[in-house]
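# Descriptive structure summary
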Amino acid sequence: MNICEEMEKRRTRLLGTCTISAFDGMVIVPHIELFRRVLAIGDIHGNLERLLSLFHRMDYCVEDDLLVFLGDYIDRGEYSAECLQYVMKLTEKSSHVIALTGNHEAMMLNYFENHSIRDPMDETHGWLHSGGIQTFESLSRVYWQDSALYHALLSFVLSLNHIAAVGTEYIFTHAGFYPKVPYAKQFDAMLWLREEFYHNYDGEKTVVVGHTPVQFFHKEQTRPIRLQNKIIDCDTGSFLPHGYISCVDVKSMKCWQSAD
Ligand SMILES: [Mn+2]
């Protein structure tokens, strides 16, 4: 069974209910009619100031909105632990908040499989060269001040989901996916795909992703973009000097962004 069939099979089972179900990293939201907006937030990368600025502007309502974070909360920016904590708190308050994993969270978990926050940084690990140094420093501040919070943040990262099927129309994942491949065979694809996915995706559903700053498509681009083959890219370069963190309502295609 390919991933689309797996998601549809699980959605069919939930049709009589409004329950949002998460199993083994796959989230199913059976209906979207009940939500005023279906919001996606692109990459954050430790930029707490831009994250707070976005929330100040987007008029978020925990009862009426479905909110999906597309991953990459950490790395490059100085406030990675604080950004993780902000997203974790929102998921604790409501089941209408879905947090997906990005490749940066996966790299961080890979680091901590063999290293401890109490040891000096292992400069040879690739994560630290992808912006992980800032995250390591931000997490070690938390560790020495509040080790319970540190462990909660790590558990939260371990609990992040890979993909969400929302209603009949939408799929959310960090980077992309192969519609014809089984779910369990494409964890790396969901974290890392870029051009191959943008060029070849021809599925029926709209796919909402982050991962590649829109500035990569056009240098002057600053708002989320919708490609011709039903891909919406919400990553607006939160770590770039003139970048933003963006939120898109995929129902109306309205967009809110952090301040300049
Ligand atoms: Mn990414």
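Please refer to the structure higher up on the page.
This write-up is about the structure you can find in this document. (Residues numbered from 1 in each chain as written. Predicted model: local features only at pLDDT ≥ 70, side-chain atom pairs only at ≥ 80, totals over all residues. Heavy atoms only, no water.)

### Considering the sheet that holds strand β9 (residues 225-226)
Overall, mixed pairing links the seven strands, which are arranged β1-β2-β6-β7-β8-β10-β9 in an open sheet. With partners counted over all chains shown, the strands left at the sheet margins are β1 (21-23) and β9, one partner each. Judged from the four bridges that link them, strand β2 (residues 26-29) and strand β6 (residues 163-166) form a sheet pairing that is parallel. The partner of Val29 across the bridge, within β6, is Val166. Strand contacts of helix α1 (residues 3-14): β1, β2, β6 and β7 (170-173), with the helix running at about 45° to β2, the strand carrying the most contacts. (Pairing = 2+ DSSP bridges. Helix = DSSP H or I, 4+ residues; strand = E, 2+ residues; numbered from the N terminus. Contact = heavy atoms within 4.5 Å. Axes fitted to C-alpha atoms, helices over the stretch in contact; angles between N-to-C directions.)

### Focus on unusual backbone geometry
Glycine aside, residues mostly have negative phi angles, and peptide bonds mostly take the trans form. A positive phi angle is found at Asp24, which is not glycine, with a value near 55°. Along the chain, Asp24 falls in the loop between β1 and β2. Given the relative accessible area of 56%, Asp24 is considered exposed. For Met253, which is not glycine, the phi torsion reads 65° and is therefore positive. When you line up the elements, Met253 lands in the loop between β11 (246-249) and β12 (254-257). A residue is classified by how much of its surface remains accessible, and Met253, at 33% relative accessible area, is partly exposed. (Buried < 20%, exposed > 50% of the residue type's maximum accessible area, 1.4 Å probe, protein only.)

### Regarding helix α5 (residues 132-145)
When the terminal C-alpha atoms of α5 are compared, their 20 Å separation across 14 residues agrees well with the 20 Å that a helix rising 1.5 Å per residue should span. Along α5, the positions that sit buried rather than exposed are Gly132, Thr135, Phe136, Ser138, Leu139, Ser140, Val142 and Tyr143. Those residues of α5 that are buried lie in contact with α3 (80-93), α4 (103-114) and α6 (147-158). (Expected span 1.5 Å × (residues − 1).)

### Describing the pairing of β2
What you see with β2 is no split at all: Met26 and Ile28 on one side and Val27 and Val29 on the other are buried throughout. Bridge count for β1 against β2 is three bridges, and the pairing is antiparallel. Note on β2: the bridge partner recorded for Phe23 is Met26. Joining the antiparallel neighbours β1 and β2 is a turn of two residues, in which Asp24 adopts a positive phi near 55°.

### Concerning the sheet that holds β11
Taken in spatial order, the five strands of this open sheet run β5-β4-β3-β11-β12, and their pairing is mixed. Edge positions in the sheet fall to β5 (97-99) and β12, since each has one partner strand and no second. Between one strand and the next, the sheet's axes are offset by a mean angle of 20°, whatever the strand orientation. Pairing of β11 with β12 involves four bridges; the strand directions are antiparallel. Within the sheet, the bridge partner assigned to Ser246 lies in β12 and is Gln257.

### Structural notes on the packing of α4 against α5
With their axes 11 Å apart at the nearest point, α4 and α5 run at an angle of 60° to one another. Seen from above, α4 lies across α5 with right-handed handedness. Listed contacts from α5 to Met108, Tyr111 and Phe112 of α4 are Thr135, Phe136 and Leu139. Among the residues forming the contact of α4 with α5, the class breakdown is five nonpolar, one polar and no charged. (Left-handed = near helix turned anticlockwise from the far one by under 90°. Nonpolar A, V, L, I, M, F, W, Y, C, P; charged D, E, K, R; others polar.)

### What to know about the pattern of salt bridges
The final tally for this structure, using the stated rule, is four salt bridges. Of the charged contacts, one joins Asp65 and Arg37 as a salt bridge, the two residues approaching to 2.7 Å between their closest N and O atoms. One end of the pair, Asp65, is in strand β4 (residues 65-69); the other, Arg37, is in strand β3 (residues 37-41), with 28 residues separating them in the sequence. The residues Asp65 and Arg37 share a single accessibility class, namely buried. Put simply, Glu8, Arg11 and Lys205 are held in one network by salt bridges that share partners. (Salt bridge = Lys/Arg side-chain N within 4 Å of Asp/Glu carboxyl O.)

### A look at the packing of α5 against α6
Between α5 and α6, whose axes approach to 5 Å, the crossing angle comes to 135°. As summarised for this structure, α5 and α6 are arranged oblique, according to the angle between their axes. Contacts from Leu139, Val142, Tyr143 and Gln145 of α5 reach α6 at Ser147, Leu149, Tyr150, His151 and Leu153. By residue class, the composition of the contact of α5 with α6 is six nonpolar, three polar and no charged. (Parallel < 35°, antiparallel > 145°, perpendicular 65-115°, else oblique.)

### Topic: the nonpolar core
Core analysis: the largest hydrophobic core is formed by 42 residues, its most contacted members being Ile41, Met58, Leu67, Phe69 and Phe112. Elements that contribute at least two residues to this core include exactly β3, α2 (48-58), β4, α3, β5, α4, α5 and α6. Not counting chain neighbours up to four residues away, the residues in contact with Met58 comprise Arg37, Leu39, Ile41, Leu67, Cys247 and Trp256. (Core = buried A, V, L, I, M, F, W, Y, C linked by side-chain atoms within 4.5 Å.)

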